[in-house]
Amino acid sequence: MSDSASVPRRALQVVVLALSMAIGALAACIPRPAALAGQARRLASHVRARPATPATSHSDPRSDPTPADPTPAFANVLAPHGWMDEVRRCGRRGRRFFCDGPRRVPRAFGEAARLADRLRLGTPELFGRLRAVGPSEELLAAVDAPADDTLLWPVPSGFLGRGFGFVRRGPLAHRRHKGVDIPAPRGAEVRSTNAGLVVYADNGIEGYGNLVVVLHADATHTAYAHLRETWVFAGETVTRGQGLGEVGTTGLSYAPHLHFEWWRRALPKNPTRHFAERPSAAEERRLQIEAQRRREALARATVRPSRDG
Ligand SMILES: [Zn+2]
């Protein structure tokens, strides 16, 4: 009895040993599982269709004190000198009629305006050159901000929609989507994914609507399209996470969303795997307060166009 039972037991041990060796070998073939898990976790935090909970709204004020000294963060919140003249440029692409406006861009002033004049920032020519050959050395030298390896998620209340590449169907299938789409409510805050210099903020690039382009110290640039209004102007230096404007649907767009592009030199890149995890609750709160200050400063602007967007 004991002999006849030990044979299948030994056979079972051999099978288990072989199986565990096979699993070990398989595991060794998978590249950097920890790195992949990190990537997946980062992406999952943006793909899920959940608006970021404002850190302030539901929490107990006693357990959620105001950040110790928010003042330094607001040093770059500038009092606006009014808005640029309202322009609505309309066109047709195929059977589609669209308008790159109404233009809602604050008027440049001070040191930033002088820098923009000197470097010809904010012009369609500069935008075209940036796309065709990348930034000049002179332009890069004007970027006075550190570059971070990761990209901050640009729309706190948005989630990842259409991805990068040949993702369209139908008549536009041959056209590469040069960025990612982030659907969000109209008026939602759009943030700079990294510190940098605003090299374009206007509505003169066909299809993009109100558009902000930020050049970063590592020679990459990011573009934020279809905005309802921008809160920045060409020549301004922005910090990582600074509010750039509001989600809208200006230009060639069907519904409110941010079309976000990330370029290295003269090539559009897929930003998806480079997004950082969402900011901590304290950092989120600081960014929200800063954005609110800027929104209020802009609301006091002398020439404010009527809101029909
Ligand atoms: Zn898009």
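Residues numbered from 1 in each chain as written. Predicted model: local features only at pLDDT ≥ 70, side-chain atom pairs only at ≥ 80, totals over all residues.

Participant: Outline the overall build of the protein, supporting the account with residue identities and numerical values.
Facilitator: On a plain count of helices and strands, the protein comes out with six helices and 11 strands. Looking at the protein as a whole, 34% of its 309 residues are labelled buried. In the protein, the proportion of contacts linking residues at least 24 apart, taken out of those at least 6 apart, comes to 71%. (Helix = DSSP H or I, 4+ residues; strand = E, 2+ residues; numbered from the N terminus. Buried ≥ 20, exposed ≤ 12 C-beta atoms within 10 Å, placed from the backbone. Contact = placed C-beta atoms within 7 Å.)

Participant: Give a description of the environment of L298 that names residues and reports values.
Facilitator: Within the secondary structure, L298 sits in helix α6 (residues 281-299). Considered as a pair, L298 and G82 are 216 residues apart in the sequence and their alpha carbons are 7.9 Å apart.

Participant: Describe in detail the environment of L119, supporting the description with residues and values.
Facilitator: When you line up the elements, L119 lands in helix α3 (residues 110-119). For L119, a count of 19 C-beta atoms within 10 Å gives the class partly exposed. The spacing of L119 and L139 is 20 residues in sequence and 7.1 Å in space, taken between C-alpha atoms. Look past the residues within four positions of L119 in its chain and what remains in contact with it is E138, L139 and A142.

Participant: Explain the confidence of the model for the protein to me, and be specific about the residues and the numbers.
Facilitator: Mean pLDDT for the protein: 80, with 71% of residues reaching 70 or above. In the model of the protein, helix α1 (residues 2-29) stands out as the element of lowest mean pLDDT, 54, in contrast to strand β6 (residues 210-215), which has the highest, 98. When the criterion is pLDDT under 50, residues 48-77 qualifies, and its contacts beyond four places in sequence or with other chains add up to 29 contacts. Contacts of residues 302-309 to residues separated by more than four positions or lying in other chains number 11 contacts, the stretch itself having pLDDT below 50. (pLDDT = per-residue confidence, 0-100.)

Participant: Before we move on, could you go through the nonpolar core and cite the residues and values that matter?
Facilitator: In this structure, V198, V199, Y200, L211, V212, Y224 and A234 are the most contacted members of the largest nonpolar core, which totals 50 residues. For this core, the secondary structure elements donating two or more residues are α4 (124-133), β3 (180-183), β5 (196-202), β6, β7 (220-230), β9 (243-247) and β10 (257-264). Those residues in contact with L211 that lie beyond four places of it in its chain are Y200, D202, N203, I205, A223, Y224, A225 and L227. (Core = buried A, V, L, I, M, F, W, Y, C linked by C-beta atoms within 7 Å.)

Participant: Any details on unusual backbone geometry? Residues and values, ideally.
Facilitator: Between G101 and the following residue, P102, the backbone shows a cis peptide bond with an omega angle of 5 degrees. Take P102: it is sitting in the loop between β2 (96-99) and α3. For H226, which is not glycine, the phi torsion reads 65 degrees and is therefore positive. Within the element layout of this structure, H226 appears in strand β7. On the neighbour-count criterion, H226 (26 C-beta atoms within 10 Å) is buried. If you check the backbone angles, R265 has positive phi at about 50 degrees while not being a glycine. Residue position: R265 is located in the loop between β10 and β11 (267-269). Of the residues examined, R265 has 12 C-beta atoms within 10 Å and is grouped as exposed.

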